[in-house]
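Listed below are the residues making up each chain.
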Amino acid sequence: MFDTFDRTGGAEFPFPKIVVFRALCEAVKGIRGMTLESRDEMTSRVELKTGVSAFSWGEKISVTVTSSGPDAAIISVGSGAKTIFGSATAHGKNKQNVSEIINHTSAILQKYGVQWKTDLGLQAPPTALSGTSPSIADELAKLAALRDQGVLTPAEFEDQKQRILAQ
């Protein structure tokens, strides 16, 4: 009489596994109707459940984050809905839940991913990424090239040169 209707989904994100797992944990807090059953940082896995509806006894959702390189990780979501009248009555809710988990995680990563990478020491702060500042000679050479190309007038070149020399 009971039917289990399983859905799976996944996505790769351009962040280290630890950052993606953090985003996943934040994301599931904001998804209505889902409850965090367990969280295992060692295995980068969370177990979620959804409530009972008129057509379903709820779902058990497992989400795992695996590394796919130093700066990439994959989220794998598996959702199994127990239904009373067969899988057709799930109305795609478990497929929707898989999509919601991936989409919410993506939104969290877009908002906080770079900052969390920096906070965890996995990336240098943005100011340090640019390397050393260009030397005065380099800046003057660029200005001279712009003057020679006709982009800057001789007067604009002199103004910019004085600004650089005054630093």
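Note that this is a predicted model, so its numbers are computed, not measured. (Residues numbered from 1 in each chain as written. Predicted model: local features only at pLDDT ≥ 70, side-chain atom pairs only at ≥ 80, totals over all residues. Heavy atoms only, no water.)

So, on to the overall build of the chain. Across its full length, the chain carries 5 helices and 5 strands. Along the chain, helices (α) and strands (β) appear in the sequence β-α-β-β-β-β-α-α-α-α when read from the amino end. Within the chain, buried positions represent 34% of all 167 residues. Taking the contacts inside the chain whose residues are at least 6 apart along the sequence as the reference set, 58% of them involve residues at least 24 apart. (Helix = DSSP H or I, 4+ residues; strand = E, 2+ residues; numbered from the N terminus. Buried < 20%, exposed > 50% of the residue type's maximum accessible area, 1.4 Å probe, protein only. Contact = heavy atoms within 4.5 Å.)

Looking now at the pattern of salt bridges. For the structure on display, the rule yields 7 salt bridges. Two residues, E26 and K29, come together in a salt bridge whose shortest N-O distance is 3.0 Å. With a gap of 3 residues between them, E26 and K29 both fall in helix α1 (residues 17-29), about one helical turn apart. Residue E26 is classed as partly exposed on the basis of its relative accessible area, which comes to 35%. When the shortest N-O distance is used, the salt bridge between D71 and K117 registers 3.5 Å. Linking D71 in the loop between β4 (56-69) and β5 (72-83) with K117 in helix α2 (residues 93-119), this pair joins segments that are 46 residues apart in sequence. Assessed through its relative accessible area of 40%, D71 is described here as partly exposed. (Salt bridge = Lys/Arg side-chain N within 4 Å of Asp/Glu carboxyl O.)

Below, the discussion takes up the pairing of strand β3 (residues 45-50). Note that strand β2 (residues 34-40) and β3 share 6 bridges and pair antiparallel. In the sheet register, R39 faces β3, and the bridge partner there is V46. Connecting β2 to the antiparallel partner β3 that follows it, the hairpin turn spans 4 residues, and S44 within it adopts a positive phi of roughly 50 degrees. (Pairing = 2+ DSSP bridges.)

With that out of the way, let us pick up the confidence of the model for the chain. For the chain, mean pLDDT is 80; residues scoring 70 or higher make up 78% of the total. Within the chain, the element-level pLDDT minimum falls on helix α3 (residues 126-129), averaging 51, and the maximum on α1, averaging 94. This model gives residues 1-5 a pLDDT under 50, and the stretch forms 19 contacts once residues within four places in sequence are excluded. Low pLDDT, under 50, characterises residues 86-91; the predicted model gives this stretch 8 contacts beyond four residues in sequence or across chains. (pLDDT = per-residue confidence, 0-100.)

Once that is clear, we can look at the packing of aromatic side chains. Here the distance between the centres and the angle between the planes together describe a pair of aromatic rings. Under the counting rule described, the total for this entry stands at 1 aromatic pair. A cation sits over an aromatic face here: R22 above W116, 5.1 Å from the ring centre. Note that R147 overlies the ring of F157, its terminal NZ or CZ placed 4.2 Å from the centroid. (Phe/Tyr/Trp six-rings, centres within 6.5 Å; stacked < 30°, edge-to-face > 60°. Lys NZ or Arg CZ within 6 Å of the ring centre and 35° of its normal.)

Two measures define how a pair of helices packs: the angle their axes make with one another and the distance between the axes. Running from amino to carboxyl end, helix α4 (residues 136-148) crosses helix α5 (residues 154-165) at an angle of 175 degrees, the nearest separation of the two axes being 10 Å. Classified by the angle between their axes, α4 and α5 sit roughly antiparallel to one another. The residues of α5 that touch α4, namely those facing I136, E139, L140, L143, A144 and R147, are F157, Q160, K161, I164 and L165. Grouping the amino acids of the contact of α4 with α5 by side-chain chemistry returns 7 nonpolar, 1 polar and 3 charged. (Axes fitted to C-alpha atoms, helices over the stretch in contact; angles between N-to-C directions. Parallel < 35°, antiparallel > 145°, perpendicular 65-115°, else oblique. Nonpolar A, V, L, I, M, F, W, Y, C, P; charged D, E, K, R; others polar.)

As a further point, take the environment of D71. Separated by 54 residues in sequence, D71 and K17 have C-alpha atoms that sit 7.7 Å apart. Not counting the four nearest positions on each side in its chain, D71 is found in contact with F13, P14, F15, P16 and K117. Within polar-contact distance, the side chain of D71 engages the side chain of K117 at 3.5 Å. (Polar contact = N/O pair within 3.5 Å; in protein donor to acceptor, adjacent residues only side chain to side chain.)

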